[in-house]
Amino acid sequence: MLEVADIATFYGRAQVLDGVSFSVAPGEVVALLGRNGAGKTTTLKSIIGLVPPRAGRVTFRGQDITGWPSYRIARAGLGYVPEERRIFTQLTVAENLEVGRQPPREGAVGWSEDALFELFPNLAERRGNLGKALSGGEQQMLTIARTLMGNPALVLLDEPSEGIAPVIVAQMARAVRRLKAEGLTVVLSEQNLAFARAVADRAVILDHGRVRFDDSFAALDARPEVRDAHLSVS
Ligand code: ATP
């Protein structure tokens, strides 16, 4: 579904990713883990074309998308939910969803507003409320729901559990598991190992812009030294 092959990404002269490679099978949920500044966000931005890699290749559904502008990558079926929530604060929840609506796409889950309200029951209760009235966690859910209205085949989630209340984190984890059950492919960046373990099939650990580990959580548990060397937590 997605293949990231040996990408090198820079901000100006500063190299942030140094030969990052991993692949994601259809229907898989992969967690990118690593400390602050490890390169997780930059990896997602490289995939979606916001910071195009200077070397290496990104292939999505068999198509080389390296160097494509972001809007074209999004149109090809790759959804991106940035860390900072991007909702329209002066529009209602339902209107925010409407803005994200795209025609159904072949090989992707077709999302309706009703299905999204089922996925995020909090949003259903607030469908007539303005975006600005939502809590941080609800805004995060709305950003994800609006991206899903575009019917992506794969969605990139940047730190979905960041800065939200524990009860909402649990709801977010349930929602990501539901996305997988619906057949969506997900790549998410996380600092929260417990959240990643609860939702993902596999962990890809980044440190200083390189992949240090790429395997199951069971395999990670068998190598505590990897966790100690490259993750902050717990
Ligand atoms: P975080 O959890 O803090 O988002 P991360 O693993 O996602 O961490 P990145 O945001 O990808 O890490 O940052 C990787 C490195 O790139 C860091 O050293 C960061 O300071 C640097 N960096 C990020 N954005 C920029 C930018 N716009 N210009 C210059 N350097 C940047």
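How each quantity is defined
- Residues numbered from 1 in each chain as written.
- Predicted model: local features only at pLDDT ≥ 70, side-chain atom pairs only at ≥ 80, totals over all residues.
- Heavy atoms only, no water.
- Helix = DSSP H or I, 4+ residues; strand = E, 2+ residues; numbered from the N terminus.
- Rg over C-alpha atoms; globule rule 2.2 N^0.38 Å.
- Buried < 20%, exposed > 50% of the residue type's maximum accessible area, 1.4 Å probe, protein only.
- Contact = heavy atoms within 4.5 Å.
- Areas by Shrake-Rupley, 256 points an atom, 1.4 Å probe, with all protein chains shown as cover.
- Lys, Arg positive; Asp, Glu negative; His and termini not counted.
- Charge placed at Lys NZ, Arg CZ, Asp CG, Glu CD.
- Pairing = 2+ DSSP bridges.
- Salt bridge = Lys/Arg side-chain N within 4 Å of Asp/Glu carboxyl O.
- Near = heavy atom within 4 Å.
- Polar contact = N/O pair within 3.5 Å; in protein donor to acceptor, adjacent residues only side chain to side chain.
- Nonpolar A, V, L, I, M, F, W, Y, C, P; charged D, E, K, R; others polar.

Visitor: Help me understand the overall build of the chain, please; the structure alone is not making it clear to me.
Guide: Within the chain one finds 10 helices and 10 strands. At 17 Å, the chain has a C-alpha radius of gyration in line with the 17 Å of a compact globule built from 234 residues. Overall size of the chain, expressed as C-alpha extent along the three principal axes, is 45 × 40 × 30 Å. Out of the 234 residues belonging to the chain, those deemed buried represent 51%. Of all intrachain contacts in the chain linking residues separated by at least 6 positions in sequence, the fraction that spans at least 24 positions is 70%. Surface summary for the chain: the accessible area is close to 10200 Å², and the carbon and sulfur share equals 48%. On the chain, the mean spot of the 27 positive side-chain charges and the mean spot of the 27 negative ones are 4 Å from each other.

Visitor: Is there a simple way to explain the sheet that holds strand E1 (residues 2-11) in this structure?
Guide: The strands that make up a sheet are held in pairs by hydrogen bonds between backbone atoms, and each pair lies either parallel or antiparallel. As summarised here, the arrangement of the four strands in space is E2-E1-E4-E5, forming an open sheet in which the pairing is antiparallel. Both outer strands of the open sheet, strand E2 (14-24) and strand E5 (63-64), are each paired with one neighbouring strand and no more. As defined by bridge partners, E1 adjoins E2 across eight bridges and the pair is classed as antiparallel. Bridge assignment links Leu2 to a residue of E2, and that residue is Val24.

Visitor: Honestly, the pattern of salt bridges in this entry has me stumped. Any pointers?
Guide: Once their charged atoms are close, side chains differing in charge can pair, the charge on each being opposite to the other. Scanning the entire structure with this criterion turns up 11 salt bridges. Ionic pairing is found between Asp201 and Lys180, a salt bridge with its closest N-O pair at 3.0 Å. You can see Asp201 sitting in the loop between helix H8 (193-199) and strand E9 (202-207) and its partner Lys180 sitting in helix H7 (residues 166-181), a full 21 residues away along the chain. For Asp201, a relative accessible area of 32% gives the class partly exposed. In this structure, a network of salt bridges that share partners links the residues Glu28, Arg202 and Asp214.

Visitor: Help me understand the site of the ligand in this model?
Guide: Around the ligand, a shell composed of 13 residues is seen, among which Asn36, Gly37, Gly39, Thr41 and Thr42 lie nearest. Gly37 has a polar backbone atom sitting 2.8 Å from an oxygen atom of the ligand. Between the ligand and the protein, one listed contact pairs an oxygen atom with a side-chain N or O atom of Gln191 at 3.0 Å. Summarising the interface, the protein chains cover 58% of the accessible area of the ligand, which totals 630 Å² for the free molecule. The greatest single-element share of the shell around the ligand, amounting to three residues, is contributed by helix H1 (residues 40-48). Partitioning the shell around the ligand into residue classes produces three nonpolar, six polar and four charged.

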